[in-house]
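Reading the structure
Listed here are the chains, written in short residue letters.
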Amino acid sequence: MTRAVRTPAGVRPALAVALALTLATGGFAAWAGQGWYAAAHDDSAGYAAERDRALAAGEQAVQNLNTLDHRRVEQGLDLWESSTTGELHAQLVDGRDEFAGQVKAARTVTTARVLSGAVTELDDRAGRARLLVALRVTVTTPDAKSTEKDSRMLGELTRTDGQWKLSGLGQAPVGGAAAG
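Here goes a summary of the coordinates provided. (Residues numbered from 1 in each chain as written. Predicted model: local features only at pLDDT ≥ 70, side-chain atom pairs only at ≥ 80, totals over all residues. Heavy atoms only, no water.)

Attention now goes to the overall build of the protein chain. Regarding its fold elements, the protein chain presents 5 helices and 5 strands. The buried share of the protein chain, taken over its 180 residues, is 28%. For the protein chain, the proportion of contacts with a sequence separation of at least 24, taken over those separated by at least 6, is 51%. When the accessible surface of the protein chain is summed, it comes to about 12200 Å², and 56% of that surface belongs to carbon and sulfur atoms. (Helix = DSSP H or I, 4+ residues; strand = E, 2+ residues; numbered from the N terminus. Buried < 20%, exposed > 50% of the residue type's maximum accessible area, 1.4 Å probe, protein only. Contact = heavy atoms within 4.5 Å. Areas by Shrake-Rupley, 256 points an atom, 1.4 Å probe, with all protein chains shown as cover.)

Structure below.
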């Protein structure tokens, strides 16, 4: 004789709902995990992060090279040298003494503030980048008069020992002026 097992009413539907929720949760977790893995291993995310690092370093270096106080010339020039590499660095080192004398004689304080910047080219593998930076430079003379000038600078960056450093800097053409 077989005996029928009696279950309380409503147990099977509750079991079915619990099973469906468990399967749905597991499916969502698998889908989200796959999406997370794909995003974490996406080359474009790494490229964007490197572009942001280059931009931050480039903006800071351009600001450094446009800021100098006659009362702390040596510290300022040390900062210039630590912000640069390559031929630009060599030019700064070679002309350091002469330039320091000129700044001390003029007794000026020059400060720069970056208004905006953008990386225009990035070759992550070669460790080279170009950027455009808009900045406001304020020059204060010994009689406490100051003048402001907005300018645009084109910079070249080179990655050296894992850090982006300025390897070239020049004025960006304005308006319809041809680049040359």
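From this point, the discussion proceeds with the structure in view.
Applying the stated rule across the entire model yields 12 salt bridges. A salt bridge links Arg 71 to Asp 69; its shortest N-O distance comes to 2.8 Å. The exposed category is assigned to Arg 71, whose relative accessible area is 55%. Note that Arg 96 is salt-bridged to Asp 78, the shortest N-O span being 2.8 Å. Remark: Asp 78 occurs in helix H3 (residues 73-82) and Arg 96 occurs in helix H5 (residues 96-106); sequence separation between them is 18 residues. The partly exposed category is assigned to Asp 78, whose relative accessible area is 43%. Here the residues in one salt-bridge network are Glu 50, Arg 53, Asp 124 and Arg 159, joined through shared partners. (Salt bridge = Lys/Arg side-chain N within 4 Å of Asp/Glu carboxyl O.)

With that out of the way, let us pick up the sheet that holds strand S3 (residues 128-140). Spatially, S1-S2-S3-S4-S5 is the arrangement adopted by the 5 strands of the open sheet, whose pairing is antiparallel. The open sheet terminates on both sides in strands that have one partner only, identified here as strand S1 (68-69) and strand S5 (163-171). With 2 bridges joining them, S1 and strand S2 (residues 109-123) adopt antiparallel strand pairing. Bridge pairing links Leu 68 to Thr 110 in S2. (Pairing = 2+ DSSP bridges.)

With a phi angle near 55°, Arg 107 is a residue other than glycine that sits in the positive phi range. Within the secondary structure layout, Arg 107 lies in the loop between H5 and S2. Although it is not a glycine, Asp 161 sits at a positive phi angle of roughly 50°. The residue Asp 161 is located in the loop between strand S4 (146-160) and S5 in this model. The exposure class assigned to Asp 161 is exposed, which follows from its relative accessible area of 80%.

For the rest of this paragraph, the subject is the packing of aromatic side chains. Following the criterion strictly, the structure yields 2 aromatic pairs and no others. Their ring planes at 40° and their centres at 5.8 Å tell us that Phe 28 and Trp 31 sit as a pair that is tilted. Here Phe 28 pairs with Trp 31, and both are found in helix H1 (residues 11-40), just 3 residues apart, close to one helical turn. The pair Phe 28 / Trp 31 is uniform in exposure class, with both members exposed. Taking 5.3 Å as the distance between ring centres and 40° as the angle between the ring planes, the aromatic pair formed by Trp 80 and Phe 99 counts as tilted. Residue Trp 80 is located in helix H3, and its partner Phe 99 is located in helix H5; the two are separated by 19 residues in the primary sequence. (Phe/Tyr/Trp six-rings, centres within 6.5 Å; stacked < 30°, edge-to-face > 60°.)

In short, geometric facts, not functional conclusions.
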